[in-house]
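Observations on chain architecture
Residue-level listing of the chains:
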Amino acid sequence: MGKTADLTTVQKMTIDTLKKEGKTQKVIAKEVGCSQSSVSKHINREAKGRKRCGRKECTSKRDKRALERIVKQNRFKNVGEIHKEWTVAGVSASRSTTHRRMQDMGFSCRIPRVKPLLNKRQRQKRLAWAQDKMDWTAAEWSKVMFSDESKFCISFGNQGPRVLRKTGEAQNPRCLKSSVKFPQSVMVWGAMSSAAVGPLCFLRSRVNAAVYQEVLEHFMLPAADQLYGGDDFIFQHDLAAAHSAKSTSTWFKDHGIPLLDWPANSPDLNPIENLWGIVKRKMRDARPNNAEELKATIKATWALITPEECNRLVDSMPRRIAAAIQAKGAATKY
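Treat the numbers as computed from the prediction; the structure is a model and nothing was measured.

It is worth spelling out the overall build of the protein at this point. What the protein contains, in helices and strands, is 15 helices and 4 strands. Per-residue burial for the protein yields a buried fraction of 36% across its 334 residues. Taking contacts inside the protein between residues at least 6 apart in sequence as the whole, the part at least 24 apart equals 72%. Here the protein displays about 21,500 Å² of accessible surface, and carbon together with sulfur accounts for 51% of that area.

There is a patch of like positive charges on the surface, built from K61, R62, R65 and R69. Position of R69 relative to the elements: it lies in helix α4 (residues 61-73).

A full pass over the atoms with the stated rule returns 10 salt bridges. Salt-bridge contacts for E85 lead to K77; the nearest nitrogen and oxygen are separated by 2.4 Å. Here D132 ties to K133 by a salt bridge, and the two come within 2.9 Å at their closest N and O atoms. One network of salt bridges, in which partners are shared, links E21, K23 and E31.

Reading across from one edge, β3-β2-β1-β4 is the order of the 4 strands in this open sheet, with mixed pairing throughout. Edge strands, defined here as strands with exactly one partner in the open sheet, are β3 (201-203) and β4 (234-236). Between one strand axis and the next, the sheet turns by 25 degrees as a mean value, whatever way the strands run. Judged from the 3 bridges that link them, strand β2 (residues 185-192) and β3 form a sheet pairing that is antiparallel. Opposite V188, over in β3, you have F202 as the bridge partner. Across the sheet, helix α9 (residues 209-228) touches β1 (144-153), β2, β3 and β4, and the angle it forms with β1 is around 125 degrees. On the sheet, helix α12 (residues 271-282) packs against β1 and β2 and is oriented at approximately 40 degrees with respect to β1.

Another point: the packing of helix α7 (residues 120-133) against helix α15 (residues 317-326). α15 packs onto α7 with a crossing angle of 135 degrees between their chain directions and a minimal axis gap of 9 Å. Accordingly, the angle class assigned to the pair α7 and α15 is oblique. In the crossing of α7 with α15, the sense of the turn from one axis to the other is left-handed. Note on element contacts: α15 touches α7 through M317, I321, A324 and I325, opposite R126, L127, W129, A130, Q131 and K133.

The packing of two helices is summarised by the inter-axis angle and the distance between the axes. At a closest axis distance of 10 Å, the pairing of helix α1 (residues 9-20) and helix α2 (residues 25-32) adopts a crossing angle of 145 degrees. In terms of crossing hand, the pair formed by α1 and α2 is right-handed. On α2, the residues touching Q11, T14, I15, L18 and K19 of α1 are I28, E31 and V32. Broken down by class, the residue content of the contact of α1 with α2 amounts to 4 nonpolar, 2 polar and 2 charged.

Rules used throughout
- Residues numbered from 1 in each chain as written.
- Predicted model: local features only at pLDDT ≥ 70, side-chain atom pairs only at ≥ 80, totals over all residues.
- Heavy atoms only, no water.
- Helix = DSSP H or I, 4+ residues; strand = E, 2+ residues; numbered from the N terminus.
- Buried < 20%, exposed > 50% of the residue type's maximum accessible area, 1.4 Å probe, protein only.
- Contact = heavy atoms within 4.5 Å.
- Areas by Shrake-Rupley, 256 points an atom, 1.4 Å probe, with all protein chains shown as cover.
- Patch = residues over 30% accessible without salt bridge, like charges linked within 9 Å, V, L, I, M, F, W, Y side chains within 5 Å.
- Salt bridge = Lys/Arg side-chain N within 4 Å of Asp/Glu carboxyl O.
- Lys, Arg positive; Asp, Glu negative; His and termini not counted.
- Charge placed at Lys NZ, Arg CZ, Asp CG, Glu CD.
- Pairing = 2+ DSSP bridges.
- Axes fitted to C-alpha atoms, helices over the stretch in contact; angles between N-to-C directions.
- Parallel < 35°, antiparallel > 145°, perpendicular 65-115°, else oblique.
- Left-handed = near helix turned anticlockwise from the far one by under 90°.
- Nonpolar A, V, L, I, M, F, W, Y, C, P; charged D, E, K, R; others polar.

What follows is the structure in structure tokens.
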């Protein structure tokens, strides 16, 4: 963005505010997200009292208010749908003008964040759980072994990497991205503490109580020895059917392993969810061709997780709990 004309109304207002606060043009450009020359030209234009040349806007303040109402009615409409509704309301404007006015208002197209849908009862239980754990110290959270399953696919994301090509090269084999209707995937079980991660388990079948207890026997117990030695620990897992089965509860009682009570539908409270995200981001540039290569990539990336990353994630538990209390049990950003 190198021209002053490219600045949106929101950016111009931000520049004026930061200038009044005494910020330098370099700092302003970094915070606004434009070039320093754009900031300089805008400040000079305002100082000299010169107005922007060109055609007068074809939309009034009333038209803009109508557009903002249309956008806020449904945030998931595309520009074409919004433009159609705006013109039906009696505004004469092109699609590109509609897009520019939306940008001037500060609306940008972004990938929506995903949060679990919680009913009233679940929110109440999450709030009660958070209030009960709000006084836990870092030392207490370090005794918790967090666990979870996650699915990894060969094709990561919907878009993947961009390709550099010229006009007419759309079908060039070197510019094509291979795709399959049902990409190969693997389901992985893992565990972590504030000190490190445990061994991974690749699940071959659907996880029922019997399969899950085998995972606990052959992977969770060795992970506990690796992470805690002979010290006591508390095991955490969510309320999946295999986890909450009576036979699974009996297994834990027989082995003398205490469980951390956990609220339903609360992945935002589990730091290992963020750890899966870190692993998948590190694998973003990997291009495994089959399930075996995918497993090898996951193992290699999992082995690169540092104790500092684990410690930072577990140390975030007090902040997660505070956020859940502030949200009155609703889902948080984690």
